[in-house]
4 protein chains.
Amino acid sequence: MKEEDKLSPWKNKLHEIIYEADTPMGKLFDLILFVIIIFSVILIMLESVKAIDAEYHEILFVLEWVVTIFFTVEYIARIICIKKPSHYIFSFYGIIDFLSTIPLYISYIFAGSQVLLAVRAFRLLRVFRILKLARFLGEASQLKRALKASRAKITVFLFAVLIASVMMGTLMYLIEGDEAGFTSIPTSIYWTIVTLTTVGYGDIAPITPQGQAIATIIMLLGYGIIAVPTGMVTAEFTRQNKDKSNDDEPGRYVHINTQCCPTCSKEGHRDDATHCYNCGSLLNE
Amino acid sequence: MKEEDKLSPWKNKLHEIIYEADTPMGKLFDLILFVIIIFSVILIMLESVKAIDAEYHEILFVLEWVVTIFFTVEYIARIICIKKPSHYIFSFYGIIDFLSTIPLYISYIFAGSQVLLAVRAFRLLRVFRILKLARFLGEASQLKRALKASRAKITVFLFAVLIASVMMGTLMYLIEGDEAGFTSIPTSIYWTIVTLTTVGYGDIAPITPQGQAIATIIMLLGYGIIAVPTGMVTAEFTRQNKDKSNDDEPGRYVHINTQCCPTCSKEGHRDDATHCYNCGSLLNE
Amino acid sequence: MKEEDKLSPWKNKLHEIIYEADTPMGKLFDLILFVIIIFSVILIMLESVKAIDAEYHEILFVLEWVVTIFFTVEYIARIICIKKPSHYIFSFYGIIDFLSTIPLYISYIFAGSQVLLAVRAFRLLRVFRILKLARFLGEASQLKRALKASRAKITVFLFAVLIASVMMGTLMYLIEGDEAGFTSIPTSIYWTIVTLTTVGYGDIAPITPQGQAIATIIMLLGYGIIAVPTGMVTAEFTRQNKDKSNDDEPGRYVHINTQCCPTCSKEGHRDDATHCYNCGSLLNE
Amino acid sequence: MKEEDKLSPWKNKLHEIIYEADTPMGKLFDLILFVIIIFSVILIMLESVKAIDAEYHEILFVLEWVVTIFFTVEYIARIICIKKPSHYIFSFYGIIDFLSTIPLYISYIFAGSQVLLAVRAFRLLRVFRILKLARFLGEASQLKRALKASRAKITVFLFAVLIASVMMGTLMYLIEGDEAGFTSIPTSIYWTIVTLTTVGYGDIAPITPQGQAIATIIMLLGYGIIAVPTGMVTAEFTRQNKDKSNDDEPGRYVHINTQCCPTCSKEGHRDDATHCYNCGSLLNE
């Protein structure tokens, strides 16, 4: 391990605080970040309400700048305290961090880019990073496993639903026509999915007896086929429950912590790991 | 056990009637209370219907006073016949009893507090206390156990749904704008949840092709992810069914009655109990 | 067995045709009856469509009389060919038969009783009698068993849903008021159930931010608790499937036919039965 | 095997490309066909959007002719390279191919037959033929098996739902009448199904208190009985999962390919098959 590969002690410390959640400081940082993210998303929501924005525009504006500067500092800190900044910058969360911080600056440079401001709401995605702790609950991962196991079936199912929607939508377009709101085939397909999923806005609704008859069939179909994804996921959950109760071999699981490799940013290291299992570089103690 | 801790015989009797349901008198009292609560809630409903209130205002008014006085007397009786009244007064049901009895009196003192009158509908919550008998059916408790076991999973699920709704809502706000009813981000989020849960009022509905395309995705998503809570609860029920059929050890369950400690108001005593399992004070025979 | 207890041969024959479905004639009669019932229900539907009634009133009127006379003859035949007519007349199907036949006659005697004519739609209930064959499919009975086993749980569940609806409805009445359509507490409760069951007509919809926030909670609640009845019924079906596969003892089931006792009208006799298992009187061979 | 039964080598080659998907050429052909079908369906959709059709009518027209000619050539090729063309022409896919290719030609001969053009959307059904590969995923077939096993139960269920809808619809017609939109019994039945399946358009909605009360019952019913199909399908999936894990006998499954008999068009031949298992004629190597 070469000397230049090592981060200076304070950067190591910073890395531990910002990227990990095993030390009290790391936990505190995650908590503060969580609160500020939620707060900033509420700010964005309030700004979009015309009545509130009209009255409190000044305050909202100042608070937004405070939040943006905080995120800017955090973004720079994240780049500094990692050995290979490019790993962070071009990672999923790195791009999200950048996109959710930059809009306020851009809105100064280019007028009319106010629409970009709403992009800041993507900050909420950052919450998932903080919630990596949730992984330890084991619940989210069971959920994910169940969905993953049913993925192939769900794809086949969704594909069949889509084809049926296109066929039914075209049929309804032929039968109902412009008067009832079925102005084009894409609109009719949109209506079919609104009906099949039992959402039923009612902005478009059949008025001819034939149209209503076909709508009835679509509804009963939608009411019935909801059983399919439900059945698949449920069978999966039941199977997992059974597997878990059959699974008594000791030592198959190992406890992992929230450490994150300062070089390649991989997570999921064993508690007693000294080197990253992905790139082999030294982990912080 | 000191002498002042003991209730006088008639108070003991009253306690048995009001708080318990093992004697014929106790059962009769619960039944009467049940009927009066339902009756009083119907009264409140009728009062809120303008046409009915206009014609029968006098009768409704008198009946409401009769009910209120009955509840007042019951409230005072509950306080008198318990050893530590504060235990009742500040319990969940004590507060509900107070809040649902007081509004009519207040409406006399302060004009314009008619809104408070609707608070009386919370009387309905009192029905749950009477239904403690339902516990013996074992059904409600199985229901509760299944929901409790799935709680962690449901929380993770709800959290994911909420974050997705905020993201999607913001996106729709950007795409659709004021014309279609997406006047602010909170309104858009409201619409997203209306769509995701397949409620679909139709008061707000996308009109642009892009908006309708994203709405389609949200609907299919909502149609699909309903499988998740269903799957979780079902797997739980299936597991419970299996546990029950495997569970043949005798003596693991003991029959409990509706007795309720006159000192600390704890419920769930064994039929043969002479002292409260919580505070150790003597139970009524 | 006394002589007067016995039906004359041709009445015996008629009983076998009308009440049973084991002979070719009996099957044919059931089929004809099925077709006429469906046909008569379609007649009633068409009559209610103003445009069709205006043009084809004469034809519909004549056809309705033909059907009514057929049903009248059938009703009389059913009374004649049974030993104890009162058993049929006051049975569930006897009353349905009477109520669905009489309206046309009444509409002649009393003017303005046209509303009664729609009562004829209850003829459809008669289809269930003909479908007693469906019992042999075993499916309907499994369905019934699953629902029956879950009945107690479903009642507890429905009760909880209703109480929650009353509470939520009252709350929405307080928050939203007349402007949004929440004109009375019953109307608000109606809206709450429309929302909770994810139907969502949109004739009434919250317009204040607080109202929309509570509506959001109700929707998520409704989206979640649908898991409860589904979970219960599914667990029941799963259990039944397992029981069935464990159940290999021979001779536990016996084949029954559609014969029906000419005295007491009980059904479900064994193929080799000579006497009714209920009243002991002789069955037709 | 007689000489005239054999296809010439280039027809054999063509048959392999068009009807099968085991050779690289066959796979490529399927992929191209898939893309063109999807593309042609998008074309039809765009044509139906008035704004787009107005601007790009020329381009869409030319592209549609290109696609139609491609499909015509394909249709002729399919007839040529099969031993018994009638087997293809009158098969399900043969008819679909014909119906989805002919409309453009017809619209030239008969004016006013533009409606026929939308029939071209049925081209989408052809996608299923290409997806015969999906069979190998095993998922679609499990789905189909689960639905098939539950078919009898689903039929009984649907039948009960329909009868209940007719009864409820008639009742609502009597109660609500014209003002609320319940103009005829068929319309009322349509509304009942809209409500029972929790679609809830809101184009028709009860306005009288009695009507709203019955609507509430229908909604709760619909909310509850959705548990039935879900429960059935789920129990089926669970059973299949269990069967699969119990099924350890080797050699019960055999690998099949996408070959398709040049004589009778049967599919599902074993990899090592030399003769069709259906008609016994020689398969292409």
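Just so you know, these numbers come straight off a predicted model, no measurement behind them.

**A few points about the relation of the copies chain A and chain D**
Thinking step 1. The two copies are related by a screw operation: chain A maps onto chain D through 90° of rotation and 0.0 Å of translation along the axis, at an RMSD of 0.1 Å. The operation mapping one copy onto its partner corresponds to a four-fold rotation axis.

**Side note on the interface of chain A and chain D**
Thinking step 1. On the chain D side, the residues contacting the 44 residues of chain A number 47 residues.
Thinking step 2. For the chain A and chain D pair, buried surface summed over both sides reaches about 3,800 Å², with 77% attributable to carbon and sulfur atoms.
Thinking step 3. It is M167(A), M219(A) and Y223(A) that lose the most area in chain A upon contact with chain D, and together they represent 19% of the buried surface on that side.
Thinking step 4. Summed over the shared surface of chain A and chain D, the number is one salt bridge.
Thinking step 5. Where K50(D) meets D178(A), a salt bridge forms, and the shortest distance between an N and an O atom there is 3.6 Å.
Thinking step 6. A total of 11 residues in the side of chain A that touches chain D trace back to one element, the largest contributor, which is helix α9 (residues 151-176) of chain A.
Thinking step 7. Considered class by class, the residues forming the side of chain A that touches chain D number 27 nonpolar, 13 polar and four charged.

**Structural notes on the UniProt feature "transmembrane region" (unreviewed entry) in chain A**
Residue and element names in this part refer to chain A.
Thinking step 1. Taken from the UniProt record, the annotation "transmembrane region" (unreviewed entry) applies to residues 28-46, 58-77, 154-175 and 213-235.
Thinking step 2. Helix makes up 100% of residues 58-77 and strand 0%, whereas the separation of the span's terminal C-alpha atoms amounts to 29 Å.
Thinking step 3. The span residues 154-175 carries 100% helix and 0% strand; its end-to-end C-alpha distance comes to 31 Å.

**Remarks on the side chain of T68(B)**
Thinking step 1. Mapped onto the elements of the fold, T68(B) is located in helix α3 (residues 50-80).
Thinking step 2. Aside from chain neighbours lying at most four places away, what touches T68(B) is T101(B), L104(B), Y105(B) and R123(B).

**Examining the interface of chain D and chain B**
Thinking step 1. Across the boundary between the two partners, chain D contributes four residues, which contact four residues of chain B.
Thinking step 2. Here chain D meets chain B over a buried area of about 180 Å², counting both sides, of which 36% is carbon and sulfur.
Thinking step 3. Linking chain D to chain B there are zero salt bridges.
Thinking step 4. Viewed at the interface, chain B and chain D are joined by zero residue pairs in polar contact (both at pLDDT 80 or more).
Thinking step 5. The residue inventory of the side of chain D that touches chain B, partitioned by class, reads two nonpolar, two polar and no charged.

**Description of the domain arrangement of chain A**
Thinking step 1. Domain annotation for chain A reports domain 1 (3-132) and domain 2 (142-245).
Thinking step 2. Relative placement of domain 1 of chain A and domain 2 of chain A: their C-alpha centres are 38 Å apart.

**Here we look at the relation of the copies chain D and chain B**
Thinking step 1. With an axial shift of 0.0 Å and an RMSD of 0.0 Å, the rotation relating chain D to chain B amounts to 180°. Taken together, the rotation angle and the small translation identify this as a two-fold axis.
Thinking step 2. Counting the interface residues of chain D, we find that 100% of their copies in chain B are interface residues as well, pointing to one common contact surface.

**Examining the pattern of salt bridges**
Thinking step 1. Scanning all chains against the criterion turns up 24 salt bridges over all chains.
Thinking step 2. With a shortest N-O distance of 2.7 Å, E64(B) and R120(B) are connected by a salt bridge. In this pair, E64(B) is assigned in helix α3 and R120(B) in the loop between α7 (114-117) and α8 (126-130), connecting sequence segments 56 residues apart.
Thinking step 3. E64(B) gets classed as buried once you look at its relative accessible area, which sits at 2%.
Thinking step 4. Relative accessible area serves as the criterion here: at 2%, R120(B) is assigned to the buried category.
Thinking step 5. With a shortest N-O distance of 4.0 Å, R78(C) and D97(C) are connected by a salt bridge.

**Looking at the packing of aromatic side chains**
Geometrically, a pair of aromatic rings is defined through the distance of the ring centres and the angle of the planes.
Thinking step 1. Overall, the coordinates contain 32 aromatic pairs over all chains when judged by the stated rule.
Thinking step 2. Between Y75(A) and F98(A), the ring centres sit 6.0 Å apart and the planes meet at 45°, which makes this aromatic pair tilted. Placement of Y75(A) in helix α3 (residues 50-80) and of F98(A) in helix α5 (residues 92-101) is noted, with a sequence separation of 23 residues between them.
Thinking step 3. Since its relative accessible area comes to 15%, Y75(A) is described here as buried.
Thinking step 4. Note on F98(A): relative accessible area 38%, which makes it partly exposed.
Thinking step 5. A ring pair is formed by Y201(A) and W191(B), whose centres lie 6.3 Å apart and whose planes are at 20°; its orientation type is stacked. On the criterion of chain membership, the pair formed by Y201(A) in the loop between α10 (185-196) and α11 (209-225) and W191(B) in helix α11 (residues 185-196) is interchain, its members lying in two chains.

**So, helix α3 (residues 50-80) of chain D**
The α-helix winds at 3.6 residues per turn, so residues separated by three or four positions along the chain end up facing the same way.
All names here are of chain D.
Thinking step 1. Under the 1.5 Å per step criterion, the end-to-end length of α3 is only 40 Å for 31 residues, more than 12% shorter than the ideal 45 Å.
Thinking step 2. Approximately 85° is the largest bend angle found in α3, and it occurs at Y56.
Thinking step 3. Looking at α3, one finds that the buried residues are L60, E64, V67, T68, F71, E74, Y75, A77 and R78.

**Describing the packing of α3(D) against helix α5 (residues 92-101) of chain D**
All names here are of chain D.
Thinking step 1. Contact geometry for α3 and α5: axes closest at 10 Å, N-to-C directions at 150°. Our classification of the angle between α3 and α5 gives roughly antiparallel. Every pair of crossing elements has a handedness; the one defined by α3 and α5 is left-handed. Residues T68, F71, T72, Y75 and R78 of α3 lie in contact with α5, whose contacting residues are G94, D97, F98 and T101.
Thinking step 2. Split by residue class, the contact of α3 with α5 holds three nonpolar, four polar and two charged.

How each quantity is defined
- Residues numbered from 1 in each chain as written.
- Chains lettered and ligands numbered in written order.
- Predicted model: local features only at pLDDT ≥ 70, side-chain atom pairs only at ≥ 80, totals over all residues.
- Heavy atoms only, no water.
- Least-squares fit on C-alpha atoms with pLDDT ≥ 70 in both.
- Contact = heavy atoms within 4.5 Å.
- Buried area = accessible area lost by both parts, 1.4 Å probe.
- Salt bridge = Lys/Arg side-chain N within 4 Å of Asp/Glu carboxyl O.
- Helix = DSSP H or I, 4+ residues; strand = E, 2+ residues; numbered from the N terminus.
- Nonpolar A, V, L, I, M, F, W, Y, C, P; charged D, E, K, R; others polar.
- UniProt positions renumbered as here; feature names shortened; annotations may be inferred.
- Polar contact = N/O pair within 3.5 Å; in protein donor to acceptor, adjacent residues only side chain to side chain.
- Domains from an automatic or database assignment.
- Buried < 20%, exposed > 50% of the residue type's maximum accessible area, 1.4 Å probe, protein only.
- Phe/Tyr/Trp six-rings, centres within 6.5 Å; stacked < 30°, edge-to-face > 60°.
- Expected span 1.5 Å × (residues − 1).
- Bend = angle between axes of the 7 residues up to and from the residue.
- Axes fitted to C-alpha atoms, helices over the stretch in contact; angles between N-to-C directions.
- Parallel < 35°, antiparallel > 145°, perpendicular 65-115°, else oblique.
- Left-handed = near helix turned anticlockwise from the far one by under 90°.

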